[in-house]
Amino acid sequence: MLESNKGFFSNIKSDLPAGLVVYLVALPLCLGIALASTGRPDLLFSGIIAGVIGGIVVGFLSGSPLGVSGPAAGLVVIVVNAIESLGSFESFLAAVFLAGIIQLVAGFLKAGVFGYYFPSSVIKGMLAAIGITLILKEIPHALGYDKDFVGDENFKQLDGHNTFTEIYYAFRFSSTGAIIISAISLALLIVFEQPFMKRIQLFRFVPGALFVVLLGILIELLFINNFPDLALTGEHMVQLPVAGGPSEFFSFFKFPNFSALSNPEVYIVAFTLAIVASIETLLCVEATDKLDPYKRTTPTNRELKAQGVGNIVSGLIGGLPITQVIVRSSANIGSGGKTKAATIIHGTILLLSAIFIPNLLNYIPLASLAAILLVVGYKLSKFSLYQGMYRLGWNQFIPFVVTVVAILMTDLLRGIAIGMVVAIYFILRKNYEHSYHYNKESKNGAEVIHLLLSEEVTFLNKGSINHTLERLPDGASIIIDGTKSVHIDYDVLEIIQNFKEHTAPMKNITVETRGIPDVNSVGAH
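Here the structure is a predicted model, which means the values were calculated and not measured.

(A) Broad picture of unusual backbone geometry. Phi at Lys 110 takes a positive value of approximately 65°, unusual for a residue other than glycine. Position of Lys 110 relative to the elements: it lies in the loop between helix H4 (89–108) and helix H5 (120–143). Its identity as a non-glycine residue notwithstanding, Lys 295 has a phi of 50°, on the positive side. For Lys 295, the location among the structural elements is in the loop between helix H12 (264–291) and helix H13 (300–317).

Written out as structure tokens, the structure is:
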């Protein structure tokens, strides 16, 4: 139940454990995306900075109750190419700063309205695809074989494999230690999902994911001390930079090279980041709102402003670009988060743990975290979702399935674009079919065709109306009725007038119009 009191701590019993789970999910994602984006271990902390800002700064400013922001896998390729073209990470930070300003301006210009134009079938397809992608991508990490970063969503991967060949190689070269840890972790998470566990007071407040991570650390320490052949190392563990002292810790923060603003390439990168990050954010906002059990609506213009401020701050202190991210947001919802306090808590824990316990965090096996993400993926792509979309009919089901397949075989944004094209096709086809009501009636003993135009008649309807008029038989009588229409586009009025003045007389068709403005008067107006 959502407390009506709007105080920060009003839902803390739900938001604190959810924030812990989101933190556990976000930690490897921040590090993995940073390594993939920069290719430099010394810049791993840039991902943590972005995660902290996404949680605390964007969390406070955003109107999204459940959305979680941070570095996004969808921006990796853009970041890699941008750093290479600009010549340094510091010059890239100047572009991130500018991208934030562009997003902030876009928010004030109310560009967030575009977020409402993504069809529901495509958004649900995106959620299902992310769920399947999480499952497929985490299997190799659960088996202890994958050189790609946690959170890699692309079909083609950096090590030359793809989603499916990576699984093949993972089974061939699996790690027994990772399998033991992931199997125990997954079993524990399944037990925590059972109703009887919710009746135990302790487990209502402490999330199962926390037990899984703590158990994973204990098992790893057991392997190190007693079964060294089973111990996990290197890329199979969390690899958070550890500072030797305060001065080294502050050296992790980088600052933008504003002299790079004289380079036109910086502005191209900034606009690219702003556009792609805003699109991904608006997609995630729409998807998160659909998952929200309380069906709250996020103000999209405010979200763009929050993201803009987040990227401005991130660019100023050495962080990667930020977007709202569906994996972290869905983990928040699945863990029972109720307000944006969970987002802020996750960012705060991320900051404090990076300062005070980095050594301990580096004992966390990725196999434990893979088990958590496998459960998140399952919740996003349950079979009931597919059943529900199928029951809605082909107009919804086909764009949904196409979106799922397209995202799995390409990446998030390309898949969404393909799904949008298919969805728009079905929208146009439906619009074509329902632009008017056609019936025959008797008038003075003669049969008259009555064409009642719909409330809104746009240029998209001119094809179907023109097709109907052309098929009228010679000698027919027709009433074209626009009395119920609020608006009729000029294109449609032109077709009706041409038919009435030229085609109808040649075919001996009697035409009566009602509520149809004259084309010339519309043009003059």
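On we go.
(B) View of a nonpolar patch on the surface. There is a patch of nonpolar side chains on the surface, built from Leu 218, Leu 221, Ile 224, Leu 351, Leu 352, Ile 355, Phe 356, Ile 357, Leu 360 and Tyr 363 and spanning about 860 Å² of accessible area. At the level of elements, helix H10 (208–226) and helix H15 (341–356) are the ones that each hand at least two residues to the nonpolar patch. When you line up the elements, Ile 224 lands in helix H10. Residue class for Ile 224 comes out partly exposed when judged on its relative accessible area of 38%.

(C) Representation of the nonpolar core within the structure. Residues Leu 27, Ile 48 and Phe 92 are the most contacted members of the largest nonpolar core, which totals 99 residues. Among residues more than four places away in sequence, those in contact with Phe 92 are Val 79, Ala 82, Ile 83, Leu 86, Val 269, Leu 273 and Pro 321. Grouped together as the second largest cluster of nonpolar side chains are 20 residues, Leu 469, Ile 488, Ile 509 and Ile 516 included.

(D) Local environment of the side chain of His 450. Along the chain, His 450 turns up in strand S4 (residues 446–453). Within the local environment of His 450, its side chain forms a polar contact with the side chain of Asp 481, the two groups lying 3.1 Å apart.

(E) Fine view of the packing of H5 against H12. Running from N to C, H5 and H12 cross one another at 85°; their axes reach a closest spacing of 10 Å. Here H12 runs roughly perpendicular to H5, going by the angle between their axes. Facing Ser 120, Ile 123, Lys 124, Met 126 and Leu 127 of H5, the residues of H12 in contact are Leu 283, Cys 284, Glu 286, Ala 287, Lys 290 and Leu 291. Of the residues contributing to the contact of H5 with H12, the split by class is seven nonpolar, one polar and three charged.

(F) Broad picture of helix H3 (residues 76–86). Considered for burial, the residues of H3 that qualify are Val 76, Ile 78, Val 79, Ala 82, Ile 83 and Leu 86. One side of H3 carries all its buried residues, which in axial view fall inside an arc of 160°. Contacts made by the buried residues of H3 are with helix H1 (12–38), H4 and H12. Immediately beyond the C-terminal end of H3, within one or two residues, lies Gly 87, with a positive phi of roughly 95°.

(G) The arrangement of the pairing of S4 in detail. As judged from the eight bridges shared by strand S3 (residues 436–443) and S4, these two strands associate in the antiparallel manner. Within S4, the position partnered with Asn 439 by the bridge is His 450. Bridging between S4 and strand S6 (residues 477–481) involves four bridges; their strand directions are parallel. Across the sheet, residue His 450 finds its bridge partner in S6, namely Ile 479.

(H) Broad picture of the packing of aromatic side chains. One pass over the full model with this rule turns up 20 aromatic pairs. Ring centres of Phe 249 and Phe 253 lie 5.7 Å apart, and the angle between their planes is 75°; on these two criteria the pair is classed as edge-to-face. Taking relative accessible area as the criterion, Phe 249 reaches 12% and is therefore assigned buried. Geometrically, the ring pair formed by Trp 394 and Phe 397 is edge-to-face, given 5.9 Å between the ring centres and 65° between the ring planes. On the criterion of helical spacing, the pair formed by Trp 394 and Phe 397 is a turn pair, its members being three residues apart in helix H19 (residues 394–409). Through successive ring pairs, a cluster of aromatic residues spans Phe 45, Phe 249, Phe 250, Phe 252 and Phe 253. One cation-aromatic arrangement involves Lys 305 over Phe 108; the distance from NZ or CZ to the ring centre is 4.3 Å.

So, how was this worked out
- Numbering of residues starts from 1 in every chain and runs along the sequence as written.
- With pLDDT at 70 or above as the cut-off, local features in this predicted model cover only qualifying residues; side-chain atom pairs require 80 or more to be listed or tallied, and sums for whole chains, interfaces and linings still use all residues.
- Heavy atoms from the whole structure form the basis of all side-chain values; hydrogens and water molecules are not counted.
- Per the convention used, a helix needs a DSSP run of H or I reaching at least four residues, while a strand needs a run of E reaching at least two, with both numbered from the N terminus.
- Patch membership is restricted to residues that have no salt bridge and whose relative accessible area is over 30%. Joining uses 9 Å for like charges and 5 Å for the nonpolar side chains Val, Leu, Ile, Met, Phe, Trp and Tyr.
- Where accessible areas are quoted, they stem from the Shrake-Rupley method and a 1.4 Å probe; at the residue level, only the protein chains shown are allowed to cover.
- Note on definitions: salt bridges are taken to be side-chain nitrogens of Lys or Arg within 4 Å of carboxyl oxygens of Asp or Glu.
- Each residue's exposure class comes from its accessible area (1.4 Å probe, protein chains only) as a fraction of the maximum for that residue type: buried when under 20%, exposed when over 50%, partly exposed otherwise.
- Residues belong to one nonpolar core when they are buried, are Ala, Val, Leu, Ile, Met, Phe, Trp, Tyr or Cys, and are joined through side-chain atoms within 4.5 Å.
- Contacts are assigned to residue pairs that have any heavy atoms within 4.5 Å of one another.
- Pairs of N or O atoms are called polar contacts if they sit within 3.5 Å, as long as, within protein, a hydrogen donor faces a hydrogen acceptor (for residues adjacent in sequence, only side-chain-to-side-chain pairs).
- Simply put, an axis is a line fit to the C-alpha atoms, just over the touching stretch for a helix, and the angle between two N-to-C directions goes from 0 to 180 degrees.
- Geometric relationships in this document are graded by angle, where less than 35 degrees denotes roughly parallel, more than 145 denotes roughly antiparallel, 65 to 115 denotes roughly perpendicular, and other angles denote oblique.
- For this classification, the nonpolar set comprises Ala, Val, Leu, Ile, Met, Phe, Trp, Tyr, Cys and Pro, the charged set comprises Asp, Glu, Lys and Arg, and every other residue, Gly included, is treated as polar.
- What the arc describes is the spread of directions from the helix axis to the C-beta atoms.
- Whether two strands pair depends on DSSP finding at least two bridges between them.
- Any two of the Phe, Tyr and Trp rings considered here, Trp counted by its six-membered ring, make a pair once their centres fall within 6.5 Å; the pair's planes then place it as stacked at under 30 degrees, edge-to-face at over 60, or tilted in between.
- We call a charge positioned over a ring when the NZ of a Lys or the CZ of an Arg lies within 6 Å of the ring centre and within 35 degrees of the ring normal.

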